[in-house]
Amino acid sequence: MGSGKFSVTLMIGAPGAGKGTQARYVRETLGIPHVATGDLLREHRRRGTVLGRTARAYMDRGDLVPDDLVVKMVIDRLEQPDAANGVLLDGFPRTLTQAQALDVELSARGGGVAAALFLDVPPGVLVRRLSGRRMCDGCQSTYHVDLHDLPADGTCPECGEHLVQRRDDQRSAVARRIAIYLDQTTPVLDHYRSRGLVHRVDGNRPVEQIRSDLLCVLRRRVPALVAS
Ligand code: AP5
């Protein structure tokens, strides 16, 4: 790396704002890997690594995993060969400490943040979305009981594995996650806003309309990737 081309695009939004749902489309458009810190942490939990075992209690309560652990995990991921042209970062950074660590890492590689896509959704809508969300144990696809026609046997339409409700989608953890987002991640938005990098998209609309707005922003902000 260090070619000067390395840049990351950020997906920022509250829990349940639709980051994962939209990231599937955005990553196809950009042709770069989708790196979601929540997915990486859940993968560590499944594999029973030290990080996964440490992260479990924080995640189930709805707390953030400590900055040093998450920053190291993300930097390790950025070192992978498939990230050579950058990545779509979903759910990171969530604290100012993480944002500053990312700045240092990107500037050491001669790169930076191309755009911060902010999905704006009111808290009441977030609670409804998270309480109806089901996630596949296998491929991690997410669905909503009101949006998708799910098989009666509780299996994933994509891969046939079991659909589950995440522990942290239970009401008490959801309230905590939203409160932590407002407290810790709002300053991250301000950090990027002061550099003119934040693009707010109204996330309280049908999935396709949001996707179309995000693609318009990307065509303006990262035309090289969108065109390739
Ligand atoms: P993570 O997995 O990142 O959770 P999150 O940020 O809370 O986000 P979600 O995955 O809950 O929501 P989303 O925005 O992706 O929404 P989705 O598309 O699924 O993190 C989990 C935990 O890991 C954290 O709490 C923390 O402990 C730890 N962690 C992760 N990153 C960390 C970090 N950087 N630092 C420290 N700790 C970290 O959509 C939600 C539902 O709504 C779905 O059912 C979907 O079908 C539906 N939906 C989506 N779009 C729409 C729409 N337009 N209309 C109607 N329904 C919709």
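Residues numbered from 1 in each chain as written. Predicted model: local features only at pLDDT ≥ 70, side-chain atom pairs only at ≥ 80, totals over all residues. Heavy atoms only, no water.

Enquirer: With reference to specific residues and values, describe the side chain of Gln22.
Expert: Tracing the sequence through the fold places Gln22 in helix H1 (residues 19–30). When neighbours within four sequence positions are excluded, Gln22 is seen to be in contact with Met11, Leu119, Val207, Ile210, Arg211 and Leu214. (Helix = DSSP H or I, 4+ residues; strand = E, 2+ residues; numbered from the N terminus. Contact = heavy atoms within 4.5 Å.)

Enquirer: Help me get a handle on the pattern of salt bridges, residues and values and all.
Expert: Counted according to the given criterion, the structure contains 18 salt bridges. Across the salt bridge formed by Asp63 and Arg176, the nearest N and O atoms sit 2.5 Å from each other. Remark: Arg176 occurs in helix H7 (residues 171–193) and Asp63 occurs in the loop between helix H3 (50–61) and helix H4 (67–78); sequence separation between them is 113 residues. Residue classification places Arg176 among the partly exposed positions, given a relative accessible area of 41%. (Salt bridge = Lys/Arg side-chain N within 4 Å of Asp/Glu carboxyl O. Buried < 20%, exposed > 50% of the residue type's maximum accessible area, 1.4 Å probe, protein only.)

Enquirer: Describe the sheet that holds strand S8 (residues 198–202), listing the residues and the values that go with them.
Expert: Taken together, 5 strands build an open sheet; the order of strands is S2-S3-S1-S4-S8 and the sheet is parallel. Each edge of the open sheet carries a strand with a single partner, namely strand S2 (34–36) and S8. Neighbour-to-neighbour, the strand axes of this sheet turn through a mean angle of 20°, independent of strand direction. In this sheet, strand S3 (residues 88–90) lies alongside S2 in parallel orientation, the contact comprising 3 bridges. The partner of Ala36 across the bridge, within S3, is Asp90. (Pairing = 2+ DSSP bridges. Axes fitted to C-alpha atoms, helices over the stretch in contact; angles between N-to-C directions.)

Enquirer: Could you give an account of helix H5 (residues 96–108), naming the residues involved and the relevant values?
Expert: Along its 13 residues, H5 runs 18 Å from first to last C-alpha, staying within 8% of the 18 Å computed at 1.5 Å per residue. The set of residues buried in H5 consists of Gln98, Ala99, Leu102, Asp103, Glu105 and Leu106. Where H5 is buried, its residues contact strand S1 (7–13), H4, S3, strand S4 (112–120) and H7. Immediately downstream of H5, the backbone of Gly110 shows phi near 70°, a positive value. (Expected span 1.5 Å × (residues − 1).)

Enquirer: Let's hear about the site of the ligand: which residues, and what values?
Expert: Lining the immediate environment of the ligand, one finds 35 residues, of which Thr21, Asp63, Arg94, Arg133 and Arg177 sit closest. Between the ligand and the protein, one listed contact pairs an oxygen atom with a backbone N or O atom of Ala17 at 3.2 Å. With respect to the ligand, the side chain of Arg177 contributes an N or O atom lying 2.6 Å from an oxygen atom. Within the complex, 94% of the 1,000 Å² of free accessible area of the ligand lies under protein. For the shell around the ligand, the elements supplying multiple residues, two or more each, are H1, helix H2 (37–47), helix H6 (123–131), strand S6 (142–144) and helix H8 (207–221). Per-element accounting of the shell around the ligand gives the leading share, 4 residues, to H2. Looking at the shell around the ligand residue by residue, the class counts come to 14 nonpolar, 11 polar and 10 charged. (Near = heavy atom within 4 Å. Polar contact = N/O pair within 3.5 Å; in protein donor to acceptor, adjacent residues only side chain to side chain. Areas by Shrake-Rupley, 256 points an atom, 1.4 Å probe, with all protein chains shown as cover. Nonpolar A, V, L, I, M, F, W, Y, C, P; charged D, E, K, R; others polar.)

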